[in-house]
Amino acid sequence: MPHLGDSSYGDRFLTLAEYDARVGPRAKRRPSASEVLVLVMASHSLQDRVALLEHTWADVQMQRIYLVDDWLNTAPRERQWRPAVALQSPGSFGVESNYWDAQSRQLDFMRSHPSVESLASPVQPNWIMLADDDTFVHVDALLDFVGNYDPHVPALFGYVLSDAHVLGYDYPCGGAGMLLSAGAYDILAPRLLSECPLLAFNDLTLGFCSHSQGIPLVHHPGMHCAPDVNRAMRPGENLMDIQKGIAVHRLIGFQSFKELVGTLDMLKGQLRALLQHRCLLAARSGSDDDPLDSRRFFWSVPAFADAVDACRQHSPRAAHAVSLHLEFLLLGGVPVAGYHRDRHVPLLAAPASRRTRWPEWLEQLRHLDCSGKPLAWRATWGSAPQLSPLQVEASGPSLAANAQVEAIPVAKRPSWLAQVKDAARALPKSAPGHQWIFVDFSPSSTFLNVFESVRVLRSLSSLHHPGGSDKTNPYLQDVRGPVDLGAEAPPPLAVAYEYFDLNVEQAAGLWINGVAARRLLRCQPLRHPIHLDPEAHANDWPTAEERIALMWHNAIAVDVFRTLRFCGVIPLHSASMVPHALSYLPYSTYRRSHSPSVATAMSIGNVESREQMRGLSQLVTRRACAKPQPSRWKLPVQMRILGGIALRAASLARFSGGRSEARRTLFGPVPCCLSLGALLARCTSRRSCQYALKRSAGDV
């Protein structure tokens, strides 16, 4: 029988979702901090780092041992362990750093304590975390996470490095922290430095040993291998990324570490304030007795789920069958050219020249059966995203000043919000909580992982009932009316990458549910001015054309953020909706994307080439469909379609004009006997295409 850690994907790691599917459901129990032991690789020459860690953990009862080369003055002696003999191997880093000694110190400690019982701790730990002295561990998030799993089941959680061309296998990034269950520790510890020899680095050694012993290596994107806490590549860290993250490596490169703990406490305080106000939120300011102002709250996707759970006082709720309806609104925007100039490869089509192509990630929709539950979808083309003239007028000369030009051209095409409202009008009239619209602002460079997105959207939709109809949902008549997070009615939600309290990064796209879409439909015309932050939205690109393009990019990002909050929508931050591909693919190459990062992303913006876009789609499809799924098909394969396919050849040629008659609509799902590419190719003929596929007819 194959080990749990074996993979049929070609890679040797599992995502959290894949691991959860294999180990099955379990009861959640949040352990105490004393059940966790952190083994910190430290040194006397850098003991100031230990002082910083001790400060952040001052009020935490978490067990910790600093594995040192010499006794430290910055931590209690009872929390230190020193090997009997130091290696003192010079290596390529020099004798002074004692680097190779440090790499083997964690392994030496584990070998000398070959089981959890031998650790002689006040409380026998169920979880052992291996970390560096420049790794911050967010204890609350760690305890929330391990409460989902049985510590007796062997598993190693970490940020898995794949395709890194090191010894030809996947391994955990040691600096991000390597989280071992007690079951995994008991298997690995007695074999280290014997059956599992030192392979230069501690993380390589543990990765190799885990593979050899069949221990699953589970990728956790919230364990940051590098301080990539700003996936929009703007100035400063975005602490929203680690609201529920477990660990961050390389604190020496972290600009605002001193404010880190305070910021996390502030974000945690949101839940306390919410519970004190009967879990009511509204997009308005009022007295202390009124609902809290939702515009001042910042939730990540997992933090929101915790808030709903707390508002219901952790009472069990009835499970809801989640059958989603997805709308893909493809706005015809292109990425800012400056983001791609340095990565341009001759003979590859630039994103701007691909704006009339269906994005390559749509190929995933042919395999939606792999997602396991009923799902209907429709994709529609719109015109390039714009601001409304009212907001441009209200902004005055500030936008032109940001672009360093005398005046800016104002397009007459419909604004992005007007196009979203058109999509909202076309939604079905029932179950708004299970309807979601993906607004793709740049289809030629934004990759959408449909399978991971569907998984996250189902988890959010399952928190509430589908919502009845438009007439029965309590949140549709008054866009500023209060939202009760403890109620069963679905609230108006959006999922996006938020950068601080400044903007939504549209390069990663935007998900809004049917309740939010209807609130936007009823929201008053917006006239607020667009204010760009001098630092976050700095605009010093060389040509006026590039500066104007960047100005519009930033202005729309601010407008999306302001519009959602002003119109009573609750935005949820998702660190897995990645605005810039380069920020999310460390330890990989330009031509070969980092598999764990892609597999766990909902979307990735600023993907350079259509070849890479197709490669990403194939990667996630292969993983989603690797395990055989119960088939609902019999050859010849057919599937019911939600309507037909109506597509004008003229609209392909005149897409950039943005006229209403140039809209293109594709209905799905697509029958798997006909590839999406072939289907679209048939619809580029001069006559319109209509397909009526009947399950029982036997013909297409």
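Residues numbered from 1 in each chain as written. Predicted model: local features only at pLDDT ≥ 70, side-chain atom pairs only at ≥ 80, totals over all residues. Heavy atoms only, no water.

Quick notes on the pattern of salt bridges
Stage number 1. Applying the stated criterion to the full structure yields 24 salt bridges.
Stage number 2. R295 serves as the salt-bridge partner of D293, at 3.0 Å between the closest nitrogen and oxygen.
Stage number 3. Overall, the relative accessible area of 9% leaves D293 in the buried class.
Stage number 4. Members of the salt-bridge network, linked through shared partners, are R30, D140, D144, K244, K268 and D306. (Salt bridge = Lys/Arg side-chain N within 4 Å of Asp/Glu carboxyl O. Buried < 20%, exposed > 50% of the residue type's maximum accessible area, 1.4 Å probe, protein only.)

With respect to the pairing of strand β2 (residues 36–41)
Stage number 1. Buried residues dominate β2, accounting for 6 of its 6 residues.
Stage number 2. The alternating pattern of β2 places V36, V38 and V40 on one face and L37, L39 and M41 on the opposite face, and all of these are buried.
Stage number 3. Here β2 pairs with strand β5 (residues 127–132) via 6 bridges, running parallel. Following the sheet pairing, V40 is matched in β5 by A131. (Helix = DSSP H or I, 4+ residues; strand = E, 2+ residues; numbered from the N terminus. Pairing = 2+ DSSP bridges.)

Side note on the state of the cysteines
In protein chemistry, a disulfide is the covalent bond that joins the sulfur atoms of two cysteines.
Stage number 1. One pass over the structure, following the stated rule, counts 5 disulfides.
Stage number 2. Note that C173 is cross-linked by a disulfide to C225, the S-S spacing being 2.2 Å. Taking the torsion about the sulfur-sulfur bond, which here is approximately 75°, the covalent link between C173 and C225 counts as right-handed. With C173 in the loop between β9 (171–172) and β10 (178–181) and C225 in the loop between β12 (223–224) and β13 (247–248), the pair connects residues that are 52 residues apart, well separated along the chain. Each member of the pair, C173 as well as C225, carries the same accessibility label: buried.
Stage number 3. What connects to what in the protein, once the bonded cysteines are numbered by sequence position, is 1-4, 2-3, 5-6, 7-10, 8-9. (Disulfide = S-S within 2.5 Å.)

A closer look at the sheet that holds strand β27 (residues 577–578)
Stage number 1. Reading across from one edge, β20-β28-β27 is the order of the 3 strands in this open sheet, with mixed pairing throughout. This sheet does not close on itself; its edge strands, each paired only once, are β20 (447–448) and β27.

Points about the nonpolar core
Stage number 1. Core analysis: the largest hydrophobic core is formed by 66 residues, its most contacted members being W299, L326, F328 and W511.
Stage number 2. W299 has contacts with M240, Q243, Q270, L271, L274, L281, F304, A307, I570, P571, L572 and H573, leaving out every residue within four places of it along the chain.
Stage number 3. If you look at the next biggest cluster of nonpolar residues, it comprises 49 residues, including A42, L72, V146 and L161. (Core = buried A, V, L, I, M, F, W, Y, C linked by side-chain atoms within 4.5 Å. Contact = heavy atoms within 4.5 Å.)

Section: the sheet that holds strand β15 (residues 292–293)
Stage number 1. Within the open sheet, the 3 strands sit side by side as β15-β14-β21. Their pairing is mixed. The open sheet has two edge strands with one neighbour each: β15 and β21 (483–484).
Stage number 2. Judged from the 2 bridges that link them, strand β14 (residues 280–282) and β21 form a sheet pairing that is antiparallel. By the bridge assignment, L281 is partnered in β21 with V483.

Concerning unusual backbone geometry
Glycine aside, residues mostly have negative phi angles, and peptide bonds mostly take the trans form.
Stage number 1. Backbone geometry places L193, a non-glycine residue, at a positive phi of 60°.
Stage number 2. Among the residues examined, L193 registers a relative accessible area of 26% and is labelled partly exposed.
Stage number 3. One non-glycine residue, M233, adopts positive backbone phi at about 60°.
Stage number 4. Topologically, M233 is positioned in the loop between β12 and β13.

Structural notes on the confidence of the model for the protein
Low pLDDT means the predicted atomic positions in that stretch should not be read closely.
Stage number 1. Summary statistics for the protein give a mean pLDDT of 81 and a share of 78% for residues scoring 70 or more.
Stage number 2. Overall, residues 1–6 carries pLDDT values under 50, and its contacts beyond four positions in sequence, including any with other chains, amount to 14 contacts.
Stage number 3. Under a pLDDT of 50 for its full length, residues 628–700 has, in the predicted model, 123 contacts with residues more than four places off or in other chains. (pLDDT = per-residue confidence, 0-100.)

Things to note about helix α14 (residues 514–522)
Residues three or four positions apart in an α-helix share a direction because the helix packs 3.6 residues into each turn.
Stage number 1. α14 sits mainly inside the fold: 7 of its 9 residues count as buried.
Stage number 2. Taken together, the buried positions of α14 are occupied by G514, V515, A516, A517, R518, R519 and L520.
Stage number 3. Buried-residue contacts for α14 involve α12 (416–425), β19 (435–440), β21, β22 (493–496), β25 (510–513) and α15 (544–566).

Quick notes on the packing of aromatic side chains
Stage number 1. The full count for this structure, using the stated rule, is 16 aromatic pairs.
Stage number 2. Between F438 and W511, the ring centres sit 4.9 Å apart and the planes meet at 45°, which makes this aromatic pair tilted. Of the two residues, F438 sits in strand β19 while W511 sits in strand β25, which places them 73 residues apart along the sequence.
Stage number 3. We classify F438 as buried; its relative accessible area is 0%. (Phe/Tyr/Trp six-rings, centres within 6.5 Å; stacked < 30°, edge-to-face > 60°.)

Details of the side chain of S210
Stage number 1. Within the element layout of this structure, S210 appears in helix α6 (residues 202–213).
Stage number 2. What makes S210 buried here is its relative accessible area of 0%.
Stage number 3. At 2.8 Å, the side chain of S210 and the backbone oxygen of L206 are in polar contact.
Stage number 4. Aside from chain neighbours lying at most four places away, what touches S210 is L156, L188 and I215. (Polar contact = N/O pair within 3.5 Å; in protein donor to acceptor, adjacent residues only side chain to side chain.)

Some details on the pairing of β5
Stage number 1. With 6 of 6 residues buried, β5 is to be regarded as a mostly interior element.
Stage number 2. Neither face of β5 is open: one carries W127, M129 and A131, the other I128, L130 and D132, and all of them are buried.

Topic: the environment of L375
Stage number 1. With respect to the element layout, L375 can be found in strand β18 (residues 375–381).
Stage number 2. Here L375 falls in the buried class, since its relative accessible area comes to 12%.
Stage number 3. Separated by 52 residues in the primary sequence, L375 and S323 place their C-alpha atoms 5.7 Å from one another.

Let's talk about helix α8 (residues 301–311)
Stage number 1. Listing the buried residues of α8 in full gives V301, A303, F304, A307, V308, A310 and C311.
Stage number 2. The inward-facing, buried residues of α8 contact α7 (260–276), β16 (299–300), α13 (450–461), β22 and β26 (570–573).
Stage number 3. Downstream of α8 by a residue or two, Q313 has a phi angle that is positive, lying close to 55°.

A look at the packing of α12 against α14
Stage number 1. Put simply, α12 and α14 touch, their axes get as near as 9 Å, and they point 120° apart. Judged by the angle between their axes, α12 and α14 are oblique. Seen along the crossing, α12 lies across α14 with a hand that is left-handed. Between α12 and α14, the contacting residues are L417, V420, K421, A424 and R425 on the first element and A517, L520 and L521 on the second.
Stage number 2. Per-class residue counts for the contact of α12 with α14 are 6 nonpolar, no polar and 2 charged. (Axes fitted to C-alpha atoms, helices over the stretch in contact; angles between N-to-C directions. Parallel < 35°, antiparallel > 145°, perpendicular 65-115°, else oblique. Left-handed = near helix turned anticlockwise from the far one by under 90°. Nonpolar A, V, L, I, M, F, W, Y, C, P; charged D, E, K, R; others polar.)

Some details on the side chain of S181
Stage number 1. Within the secondary structure, S181 is located in strand β10.
Stage number 2. Relative accessible area serves as the criterion here: at 0%, S181 is assigned to the buried category.
Stage number 3. Reaching out from S181, the side chain makes a polar contact with the backbone oxygen of V153 at a distance of 2.8 Å.
Stage number 4. Within the structure, S181 has its side chain in polar contact with the backbone nitrogen of A155 (distance 3.2 Å).
Stage number 5. When neighbours within four sequence positions are excluded, S181 is seen to be in contact with N126, W127, P151, V153, P154 and A155.

Some points on the packing of α7 against α8
Stage number 1. Here α7 crosses α8 at 30°, and the two axes come no closer than 10 Å. The pairing of α7 with α8 is recorded here as roughly parallel in orientation. Helix-helix and strand crossings are classified by hand; for α7 and α8 the assignment is right-handed. Residue-level inspection shows L271, L274 and L275 of α7 in contact with α8, the latter providing A307, A310 and C311.

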